[in-house]
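# Residue-level structure breakdown
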Amino acid sequence: VEFGAAAHAAGGQSVSGDALDQFCDTSGRAQMLLCDGMGTGRPAAVDGSLAAELTARLLKAGFTAELAARLVNVALALKSDEESGATLDLISVDLYTGTARIFKAGAAPGFLVHGGRARPVGDISLPIGILGGVNGQSRVVHLAAGDYAVLVSDGLLVDGPGWVAKQLELSAAAGDPPEKVARILVETARARAEQTGRPDDITAAVLRLEPCGH
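The paragraphs below set out a description of the structure included in this document. Within every chain, residues take consecutive numbers counted from 1 along the sequence as written. Owing to the predicted nature of the model, reporting of local features is limited to residues with pLDDT of at least 70; listing and counting of side-chain atom pairs is limited to 80 or more, with chain, interface and lining totals taken over all residues. With hydrogens and water set aside, each side-chain value is computed from the structure's full complement of heavy atoms.

Turning our eyes to something else, we now look at the overall build of the protein chain. Strands here are runs of E lasting at least two residues and helices are runs of H or I lasting at least four, both read from the DSSP assignment and numbered beginning at the N terminus. Along the backbone of the protein chain there are four helices and ten strands. Buried, partly exposed and exposed residues are distinguished by accessible area as a fraction of the type maximum, computed with a 1.4 Å probe on protein chains only: under 20%, between the cut-offs, and over 50%, respectively. Each of the 214 residues in the protein chain was classed as buried or not, and the buried ones make up 49%. Of the contacts formed within the protein chain by residues at least 6 apart in sequence, a portion of 69% connects residues at least 24 apart. Accessibility throughout is a Shrake-Rupley quantity obtained with a 1.4 Å probe, and a residue counts as covered only by protein chains that appear here. Surface accessibility of the protein chain: about 9800 Å² in total, with carbon and sulfur atoms responsible for 52%. Here, two residues are considered to be in contact whenever any of their heavy atoms come within 4.5 Å of each other.

A separate point is the packing of aromatic side chains. Two aromatic rings, drawn from Phe, Tyr or Trp (for Trp, its six-membered ring), form a pair once their centres lie within 6.5 Å of each other, and the interplanar angle then sorts them: stacked below 30 degrees, edge-to-face above 60, tilted otherwise. Considering all chains together, one arrives at zero aromatic pairs under this definition. Sitting over a ring, as applied to charges here, requires NZ of Lys or CZ of Arg to be within 6 Å of the ring centre and within 35 degrees of the ring normal. A cation sits over an aromatic face here: lysine 60 above phenylalanine 23, 4.6 Å from the ring centre.

The working definition used for a salt bridge is a side-chain nitrogen of Lys or Arg within 4 Å of a carboxyl oxygen of Asp or Glu. Throughout the structure, instances matching the rule amount to nine salt bridges. A salt bridge links aspartate 25 to arginine 29; the shortest N-O distance between them is 3.3 Å. A single network of salt bridges, built from pairs that share partners, joins Glu2, Arg208 and Glu210.

What follows deals with helix H1 (residues 41–60). Owing to its 3.6 residues per turn, the α-helix aligns residues three or four sequence positions apart on the same side. Expected span, for any helix, means 1.5 Å times one less than how many residues it has. Over its 20 residues, H1 extends 28 Å from the first C-alpha to the last, a length consistent with the 28 Å expected when each residue adds 1.5 Å. Directly after H1, the chain includes glycine 62, whose backbone phi takes a positive value near 100 degrees.

Turning to the sheet that holds strand E3 (residues 29–36), a few remarks are in order. Whenever strands of a sheet pair, they do so through backbone hydrogen bonds, lying parallel or antiparallel. Only strands that DSSP links by at least two bridges are regarded as paired with each other. The five strands lie next to each other as E2-E3-E4-E5-E8, forming an open sheet whose pairing is antiparallel. Strands with a single pairing partner mark the edges of an open sheet, and in this sheet they are strand E2 (18–24) and strand E8 (137–142). With strand direction ignored, the average angle separating the axes of adjacent strands in the sheet is 10 degrees. Two elements, strand E4 (residues 88–94) and strand E5 (residues 99–105), share six bridges in a ladder whose sense is antiparallel. Note that in E5 the partner of isoleucine 91 across the bridge is isoleucine 102. Every axis corresponds to a line fitted to the C-alpha atoms, with the helix fit spanning only the stretch in contact, and the corresponding angles, defined between N-to-C directions, vary from 0 to 180 degrees.

Let us now look at the sheet that holds strand E7 (residues 117–121). Spatial ordering of the open sheet is given by E1-E10-E9-E6-E7, a layout of five strands whose pairing is antiparallel. Here the strands that pair on one side only, and so sit at the sheet edges, are strand E1 (2–8) and E7. Looking at each pair of strands side by side, their axes are set apart by 15 degrees on average, direction ignored. Looking at chain direction, strand E9 (residues 148–152) and strand E10 (residues 202–208) are connected through five bridges and run antiparallel. Residue pairing in the sheet places leucine 151 in a bridge with alanine 205 of E10. Against the sheet, helix H3 (residues 162–174) makes contact with strand E6 (110–114), E7 and E9, and its axis sits at roughly 35 degrees relative to E6, the strand it touches most. In this fold helix H4 (residues 178–196) packs onto E1, E9 and E10, with an angle of close to 20 degrees to the strand it touches most, E1.

Attention now moves to the pairing of E2. Relative to E3, E2 runs antiparallel, the two being bridged by seven bridges. Within the sheet, the bridge partner assigned to alanine 19 lies in E3 and is cysteine 35. The antiparallel hairpin formed by E2 and E3 contains four residues in its connecting segment, where glycine 28 sits at a positive phi of about 80 degrees.

Looking at where serine 92 falls in the secondary structure, it is placed in strand E4. Take serine 92: its relative accessible area is 12%, and that puts it in the buried class. Sequence spacing of serine 92 and phenylalanine 103 is eleven residues, and the spatial spacing of their C-alpha atoms is 8.5 Å. Those residues in contact with serine 92 that lie beyond four places of it in its chain are Arg29, Ala30, Gln31, Thr99, Ala100 and Arg101. Within polar-contact distance, the side chain of serine 92 engages the side chain of glutamine 31 at 3.1 Å. Here a polar contact is recorded for every N or O atom pair within 3.5 Å, except that within protein the pair must consist of a potential hydrogen donor and a potential acceptor, and residues adjacent in sequence are included only if both atoms are side-chain atoms.

Attention now goes to the environment of isoleucine 202. Topologically, isoleucine 202 is positioned in strand E10. When its relative accessible area of 2% is taken as the criterion, isoleucine 202 is described as buried. Ignoring any residue separated from it by four or fewer positions in sequence, one finds isoleucine 202 in contact with Ala6, Ala7, His8, Asp18, Ser153, Gly155, Leu156, Val186, Ala189 and Arg190.

That's the geometry; what it means functionally is another story.
Listed below in structure tokens is the structure:
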């Protein structure tokens with residue numbers, strides 16, 4: 001697997017409320033997660049970073065996405081008296097079989113590029129830390145060598161998902177590495193957000209499966 005990521009903080013802020021992690025665990029799975037803290041600036045960054053760090057630790061310890069989300073939900077609820085929350089967006093890919101588990105709680109739609117065709121994945125749900133339970137969605141898909149999986153924060157979709165899917169198909173046809181794909185998405189979204197006057201933290205995390213031996 002090859003990873004790439006790019007980010008831009010909203011409105012000249014020094015910190016982003018988005019936090020991500022990308023790693024391969026000891027059981028042969030590629031893990032990619034993105035957490036978006038509510039709002040922008042430092043308070044959002046604290047929530048986003050806490051959710052991402054805790055989730056990564058739990059996944060490395062062998063917890064499932066659903067159980068990790070429940071534990072992070074409790075942690076955010078206990079953190080302070082003020083309402084705090086973060087989205088949880090996670091894809092876990094078995095590098096031996098190509099089976100990918102996608103888990104979303106409050107996260108923006110992601111994208112899969114399979115056979116050169118891009119499609120959005122996921123519906124809107126509530127972030128973690130808001131309710132007593134976690135209203136997450138889980139699904140399983142199958143990926144092959146050359147396919148991409150893309151997680152984005154909602155700031156990247158200020159103009160909707162249509163242009164993102166088209167750009168991903170162009171990038172896939174060109175064989176762009178994940179780092180370049182993420183950078184193009186964030187730079188394009190940033191320009192579109194400036195035109196609409198609705199700035200938000202913008203993040204893209206990308207993975208591509210490579211054939212064995214590459």
